[in-house]
Amino acid sequence: MEGVLSALKEIDFFPKIEEKHVAKTSSFGGVYSILTSLLLYALSAFYVFEYLNQAWEMTAMNDPTRDKEVKVYFDVSVYNIPCDVLTLDVLDVSGKHQSDLSTSKIEKVRLDQRGQFAGSWYHAHVQRRFNAAKANEMKKQVEAGEGCRVRGEFLASRVAGNFHLSCHGTELQMLAAIFGDIRKVNVRFD
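About the criteria used
Residues numbered from 1 in each chain as written. Predicted model: local features only at pLDDT ≥ 70, side-chain atom pairs only at ≥ 80, totals over all residues. Heavy atoms only, no water. Disulfide = S-S within 2.5 Å. Helix = DSSP H or I, 4+ residues; strand = E, 2+ residues; numbered from the N terminus. Buried < 20%, exposed > 50% of the residue type's maximum accessible area, 1.4 Å probe, protein only. Core = buried A, V, L, I, M, F, W, Y, C linked by side-chain atoms within 4.5 Å. Contact = heavy atoms within 4.5 Å. Salt bridge = Lys/Arg side-chain N within 4 Å of Asp/Glu carboxyl O. Phe/Tyr/Trp six-rings, centres within 6.5 Å; stacked < 30°, edge-to-face > 60°. Pairing = 2+ DSSP bridges. Expected span 1.5 Å × (residues − 1).

Details of the state of the cysteines
A complete count under the given rule lists one disulfide for this structure. Shown here is the disulfide that connects Cys-83 with Cys-148, its sulfur atoms set 2.1 Å apart. The chirality of the disulfide connecting Cys-83 with Cys-148 is right-handed, given an S-S dihedral of about 110°. A residue pair is termed long-range when its members are at least 10 positions apart, and Cys-83 in the loop between strand S3 (69–79) and strand S4 (87–92) and Cys-148 in strand S8 (residues 147–157) qualify at 65 residues. For the pair Cys-83 and Cys-148, one class covers both residues: buried.

A few points about the nonpolar core
With 21 residues, the main nonpolar core has Phe-154 and Ile-178 as its most contacted residues. Where this core is concerned, the elements lending two or more residues are S3, S4, helix H3 (132–143), S8 and helix H4 (172–179). Apart from the residues lying within four places of it in its own chain, the contact partners of Ile-178 are Pro-82, Val-85, Ala-135, Met-138, Lys-139 and Val-142.

What to know about the pattern of salt bridges
Should the charged atoms of two oppositely charged side chains come close, the side chains can pair. By the definition in use, this model includes nine salt bridges. Here Arg-110 makes a salt bridge to Glu-146, at a shortest N to O gap of 2.7 Å. Here Arg-110, found in strand S6 (residues 106–111), pairs with Glu-146, found in the loop between H3 and S8; they are 36 residues apart in sequence, far enough to count as distant. Each of the salt bridges in this network shares a partner with another, and the network as a whole consists of Lys-71, Lys-105 and Glu-153.

Considerations on the packing of aromatic side chains
A complete count under the given rule lists five aromatic pairs for this structure. Relative to Phe-154, the ring of Phe-74 lies with its centre 5.8 Å away and its plane at 55°, an arrangement referred to as tilted. Linking Phe-74 in strand S3 with Phe-154 in strand S8, this pair joins segments that are 80 residues apart in sequence. Here Phe-74 matches Phe-154 in class, with each residue buried. Given the relative accessible area of 7%, Phe-74 is considered buried. What links up through ring pairs into an aromatic cluster is the set Phe-74, Phe-154 and Phe-163.

Side note on the environment of Ser-27
Secondary-structure assignment places Ser-27 in helix H2 (residues 27–52). Placed 20 residues apart in sequence, Ser-27 and Ala-7 show a C-alpha to C-alpha distance of 8.1 Å. Those residues in contact with Ser-27 that sit more than four places away from it in its chain are Leu-5, Leu-8 and Lys-9.

Brief notes about the pairing of S4
Most of S4 is tucked away, with five of its six residues classed as buried. Relative to strand S9 (residues 161–166), S4 runs antiparallel, the two being bridged by six bridges. Paired with Thr-87 across the strands is Ser-166, a residue of S9. For S4 and strand S5 (residues 97–98), the ladder comprises two bridges, and the chain directions are antiparallel. For Leu-91, the partnering residue across the bridge sits in S5 and is His-97. The turn joining S4 and S5, which pair antiparallel and follow one another in sequence, is formed by four residues; a positive phi near 100° is taken by Gly-95.

Quick notes on H3
If you check H3, its first and last C-alpha atoms are 16 Å apart, about what 12 residues at 1.5 Å a residue would give, namely 16 Å. Gly-145 sits one or two positions beyond H3 and adopts a positive phi of about 80°.

Encoded structure:
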């Protein structure tokens, strides 16, 4: 028994300092050191085991809402293209295609070349037919690097699909008067 107590004294991580600054160990300190070491190793092993053996739970459930459509919010800035030719199109895999979507919840504002407002917000409107005066005005906007910020919301079906800004709602003659060669339109997005 004396050999065990002296061995425990050698293991003691927390020696006691007496007034004479001599390190003394006790058998209680050795037992305490062994127990804390075992607890440390056990907890470390447990956490490593838990980390390596994580259980993944996959669940699937039906959407409890009865809405067949979801509200989509967007805010897009486009440069080098006038607001008056931009339209919003929504297309989904079920075949639903909403072209030239113009609602009271979609707004546009002109931007200068630095992205600052160059006008006030107005509801989506598309210049569809050729108008020489309007075409010249929009051509100057494009040459100045002006753009358009479009924001708003629309309802889309709860199926895969996309929405995009386009200018196919405007006659080709109008687009040609604005851009020159409509196959080479340089547009930048934010």
